[in-house]
Amino acid sequence: MPERAKAPPSKRATATSGEPATDGRSRSLWFNTPINDQDRRPQLTRERVVAEALTVIAQDGVQALTMRTLAARLGVVPGALYHHVRNKEQLHDLVLDAALAEVDGHLDPSQPWTQQLKLLAHRLRDVLENHPGVAGLLKTRDPLGPHSLALAEAFLAPLQAAGFGDHQAGLAFFLLVDYTTGFAVSPPTAVNEQRVRDAATRTQLHEFFRSLPADRFPALVALGEHVWLDNRDQRFTAGLDVLVDGLEHARRSPHRPALARRPTTTTLRLREEARQTVDE
């Protein structure tokens, strides 16, 4: 009887060393080199998405923040982002809330309400300037996240405790926030700020103002070198002091409230007619 043909050697045959043989195309799970943790892609989380979005805004501006760009930077497909954020608008709100979470809203109620508000405004400005681009985003959104609400509460509480009326407190709140946000929209790295920070450029700028025709620009010739200075912090503090002093004056002058609604045209006309009637 002829001998049975020998079966071809199995690709799974063991090597002489006792380890599974390999054909070069695959390796056994048990003999693969463990993946270095540094080579693993970090797990995608909402926190990572928001942090990277803040980086994009700081580097390239809000207009550069798209879901496709963000996904590419994170090394994922755009669809993966939608497991963590619904759309770009929600992403903007999450970015704002993450930044505003850094504002310390704890205040000492024993301090004058004016000092409390000034301290809070300085803290808000510091955070906004530490995240370039966020102040501009804040001007376009109406954030209602938990940290945004906590910041609003921190601003409103001293105003309420100081005795401002409801309408006055609301106006005062937005005056403070709009002033601080507007100041921070132009960050210290802006071209106009860098120009006055450089001593040589500042000197040239002052010489330019002094060279202007005095008959046409008398105020600029005299005051230009006192306007364009490296005094960003001083400008913010001075403006804030004037604003808060104005609020204090309005609070103490109930008969002429600076924050009251302006009279309408109809109201002014009726007042004039009444005055004329009395004069007759």
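Here the structure is a predicted model, which means the values were calculated and not measured. (Residues numbered from 1 in each chain as written. Predicted model: local features only at pLDDT ≥ 70, side-chain atom pairs only at ≥ 80, totals over all residues. Heavy atoms only, no water.)

## Details of the environment of alanine 99
Thinking step 1. By the secondary structure assignment, alanine 99 is in helix α4 (residues 88-100).
Thinking step 2. Owing to a relative accessible area of 0%, alanine 99 belongs among the buried residues under this scheme.
Thinking step 3. Expressed as a C-alpha distance, the spacing of alanine 99 and histidine 147, which sit 48 residues apart in the sequence, is 8.7 Å.
Thinking step 4. Setting aside residues up to four positions removed in sequence, alanine 99 forms contacts with Val127, His131 and Val134. (Helix = DSSP H or I, 4+ residues; strand = E, 2+ residues; numbered from the N terminus. Buried < 20%, exposed > 50% of the residue type's maximum accessible area, 1.4 Å probe, protein only. Contact = heavy atoms within 4.5 Å.)

## As for the environment of aspartate 166
Thinking step 1. Within the element layout of this structure, aspartate 166 appears in helix α8 (residues 166-185).
Thinking step 2. Spatially, the C-alpha atom of aspartate 166 lies 10.0 Å from that of leucine 156, the residues being 10 residues apart in sequence.

## Some thoughts on the nonpolar core
Thinking step 1. Counting residues in each nonpolar core, the largest one holds 51 residues, and the members touching the most others are Leu70, Leu91 and Phe155.
Thinking step 2. Those residues in contact with phenylalanine 155, other than ones at most four positions away along the chain, are Leu117, Leu120, Ala121, Leu124, Phe173, Leu176 and Val177. (Core = buried A, V, L, I, M, F, W, Y, C linked by side-chain atoms within 4.5 Å.)

## Quick look at the pattern of salt bridges
Thinking step 1. Applying the stated criterion across every chain, the model contains 13 salt bridges.
Thinking step 2. Residue aspartate 93 is joined to arginine 141 by a salt bridge in which the shortest nitrogen-to-oxygen separation is 3.0 Å. Linking aspartate 93 in helix α4 with arginine 141 in the loop between α6 (134-138) and α7 (146-161), this pair joins segments that are 48 residues apart in sequence.
Thinking step 3. For aspartate 93, a relative accessible area of 28% translates into the label partly exposed.
Thinking step 4. For the salt bridge of arginine 251 with glutamate 248, the shortest nitrogen-to-oxygen distance reads 3.0 Å. Of this pair, arginine 251 and glutamate 248 both sit in helix α12 (residues 232-252), 3 residues apart, which is roughly one turn of that helix.
Thinking step 5. Taken together, the shared-partner salt bridges connect Arg125, Glu129, Glu193, Arg232, Asp233 and Arg235 into one network. (Salt bridge = Lys/Arg side-chain N within 4 Å of Asp/Glu carboxyl O.)

Without other data, these values stay purely geometric and don't point to any function.
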